[in-house]
Amino acid sequence: MHNIPKRLNLANLPTKIEKLHRLSEKLGGPNIYVKRDDQTGTEVAGNKIRKLEYTLHEAISQGADTLITCGGIQSNHCRTTAAAAAKLGLKTKLVLRGQQPAAPNGNLLLDVLFGADIHWVTPEEYRNRRNDIMTGLKEELAQQGSHAYIIPEGASNGIGAFGYYSAMEEIIQQEKEMGVQFDAVVMAVGSGGTYAGLLLAQKIFKTSHEIIGFNVSNDAEYFHRAIMKVLEDAEKHLESSVEICSKDIRIIDGYVGLGYAIGRPEERAFIKELAMLEGLVLDPVYTGKGFYGLIEEIKKGRLEHLNNILFIHTGGLYGIFPQGKEFANLLQ
């Protein structure tokens, strides 16, 4: 028996699974389904709240009164953390990468509304010193009599991974209810925690699902290391070992495009095409690139062995609004 950590109940769960009939018919190949984790809430929409249900239970059990975490200006994780903290009566400090804009929009606007205290850092500081910066903020708060809890980027650590361990439990139950067996569970990969949780559950429950990720930053080798690190951390909470090695991880590289959070015309055109076809909106940073990659791989005939594919819609809708200019040419 494995020891599964306790969690809070913050998200609207279980999220529904929908078949994308028109897209599947157009492709003429596998049946494409989507798990609507973009509907886990309004303020806490997306995949991050699943991770935070476990992370924040641990924070509160340790007596924390303040949460410290980090991300980009339009971080979905930071917005969700700030919203959940407000709901729980906790304070939030966010270490954000970039320069403070003249006026906040998208996720940043919500961070401000939720009362988050924002600490701005340069991209170089963020890349090389973000953990040291968060530790420094924690020490400052301790001197003031506060007890802060640090959440890593994307809540992608061992305790956070259990959010998608429980998501896989949902999927297994929904397969029984729907009478469908998914051959693969697919998602965009930005920090590795969602992928790690799904793979952990796939191994524990001994299911036949392929877990496939499309990286939206760095490269496949980077995420092999990052995911293994998260899984090693998760095992500490399980108090038992699960046999997983790097070769179990499947990351399909080649769809980062121009870089993290930088879109290409073909990706934006695909986002519009899917919205028109299925009334489903993807975000340009994560799901847009991941879903685009999935469809391109199908078109190239590289996934012919899969009949039923489930894509995890990890949210991110608020991040599309600050990129409105990038979609201007689609108005024509």
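Residues numbered from 1 in each chain as written. Predicted model: local features only at pLDDT ≥ 70, side-chain atom pairs only at ≥ 80, totals over all residues. Heavy atoms only, no water.

Overview of the pattern of salt bridges
Here is step 1: Summed over the entire model, instances satisfying the criterion amount to 18 salt bridges.
Here is step 2: Between Lys 26 and Glu 273 there is a salt bridge, and its shortest N-O distance comes to 2.5 Å. In this pair, Lys 26 sits in helix H1 (residues 21-27) while Glu 273 sits in helix H9 (residues 265-278), placing the two residues 247 residues apart along the sequence.
Here is step 3: Residue classification places Lys 26 among the exposed residues on the basis of a relative accessible area of 53%.
Here is step 4: Residue Glu 273 is classed as partly exposed on the basis of its relative accessible area, which comes to 32%.
Here is step 5: Between Arg 50 and Asp 37 there is a salt bridge; the shortest N-O distance is 2.8 Å. One end of the pair, Arg 50, is in helix H2 (residues 48-61); the other, Asp 37, is in the loop between strand E2 (31-35) and H2, and 13 residues separate them in sequence.
Here is step 6: Here Arg 50 falls in the buried class, since its relative accessible area comes to 1%.
Here is step 7: Here the salt bridges share partners, and the residues they tie into one network are Lys 16, Glu 18, Arg 36 and Asp 38. (Salt bridge = Lys/Arg side-chain N within 4 Å of Asp/Glu carboxyl O. Helix = DSSP H or I, 4+ residues; strand = E, 2+ residues; numbered from the N terminus. Buried < 20%, exposed > 50% of the residue type's maximum accessible area, 1.4 Å probe, protein only.)

Comments concerning the sheet that holds E2
Pairing between the strands of a sheet comes from backbone hydrogen bonds, and it takes one of two forms, parallel or antiparallel.
Here is step 1: Spatially, six strands are ordered E1-E2-E10-E7-E8-E9 in an open sheet, and the strand pairing comes out mixed. Two strands bound the open sheet, and with one partner strand each, they are strand E1 (17-19) and strand E9 (250-252). Taking each pair of neighbouring strands and ignoring which way they run, the sheet shows an average axis angle of 30°.
Here is step 2: Where E1 lies against E2, three bridges are found, and the strand directions are antiparallel. Each residue of the ladder has a partner; that of Lys 19, found in E2, is Tyr 33.
Here is step 3: Helix H6 (residues 158-178) rests against E1, E2, strand E7 (184-189), strand E8 (210-215) and strand E10 (308-312) of the sheet, and its axis sits at about 130° to E2.
Here is step 4: Sitting on the sheet, helix H7 (residues 193-204) touches E7, E8, E9 and E10, and the angle it makes with E8 is about 170°. (Pairing = 2+ DSSP bridges. Axes fitted to C-alpha atoms, helices over the stretch in contact; angles between N-to-C directions. Contact = heavy atoms within 4.5 Å.)

As for the pairing of E10
Here is step 1: Counting buried positions along E10 gives five out of five residues, so the element sits mostly inside the fold.
Here is step 2: The pairing of E2 with E10 spans five bridges and is classified as parallel. Paired with Ile 32 across the two strands is Ile 309, which belongs to E10.
Here is step 3: By the bridge criterion, three bridges tie E7 to E10 in an arrangement that is parallel. Residue pairing across strands places Val 185 opposite Leu 310, the latter belonging to E10.

Considerations on the packing of H2 against helix H3 (residues 76-88)
The relative placement of two packed helices comes down to the angle between their axes together with the axis-to-axis distance.
Here is step 1: Running from N to C, H2 and H3 cross one another at 50°; their axes reach a closest spacing of 10 Å. Taken together, the axis directions place H2 and H3 in an arrangement best described as oblique. For H2 against H3, the interelement crossing comes out right-handed. Contact with H2, carried on its side by Lys 48, Ile 49, Leu 52, Leu 56 and Ile 60, involves Asn 76, His 77, Thr 80, Thr 81, Ala 84 and Leu 88 of H3 and no other residues of that element. (Parallel < 35°, antiparallel > 145°, perpendicular 65-115°, else oblique. Left-handed = near helix turned anticlockwise from the far one by under 90°.)

A look at the nonpolar core
Here is step 1: Counting 57 residues, the largest nonpolar core has Tyr 195, Leu 198 and Leu 200 as the members making the most contacts within it.
Here is step 2: At the level of elements, H2, H3, H6, E7, H7, helix H8 (220-238) and E10 are the ones that each hand at least two residues to this core.
Here is step 3: Residues within four places of Tyr 195 in sequence aside, it is in contact with Met 187, Val 189, Ile 211, Ile 212, Gly 213, Ile 227, Asp 248, Ile 249, Arg 250 and Ile 251. (Core = buried A, V, L, I, M, F, W, Y, C linked by side-chain atoms within 4.5 Å.)

So, helix H5 (residues 123-143)
Here is step 1: Look at H5: 28 Å from first C-alpha to last across 21 residues, which is about the 30 Å you get at 1.5 Å a residue.
Here is step 2: Arg 129 marks where H5 bends most, by close to 85°.
Here is step 3: Listed in full, the buried residues belonging to H5 are Tyr 126, Arg 130, Ile 133, Met 134, Leu 137 and Leu 141.
Here is step 4: Elements in contact with the buried residues of H5: strand E3 (66-72), strand E4 (91-97), strand E5 (117-121) and strand E6 (148-150). (Expected span 1.5 Å × (residues − 1). Bend = angle between axes of the 7 residues up to and from the residue.)

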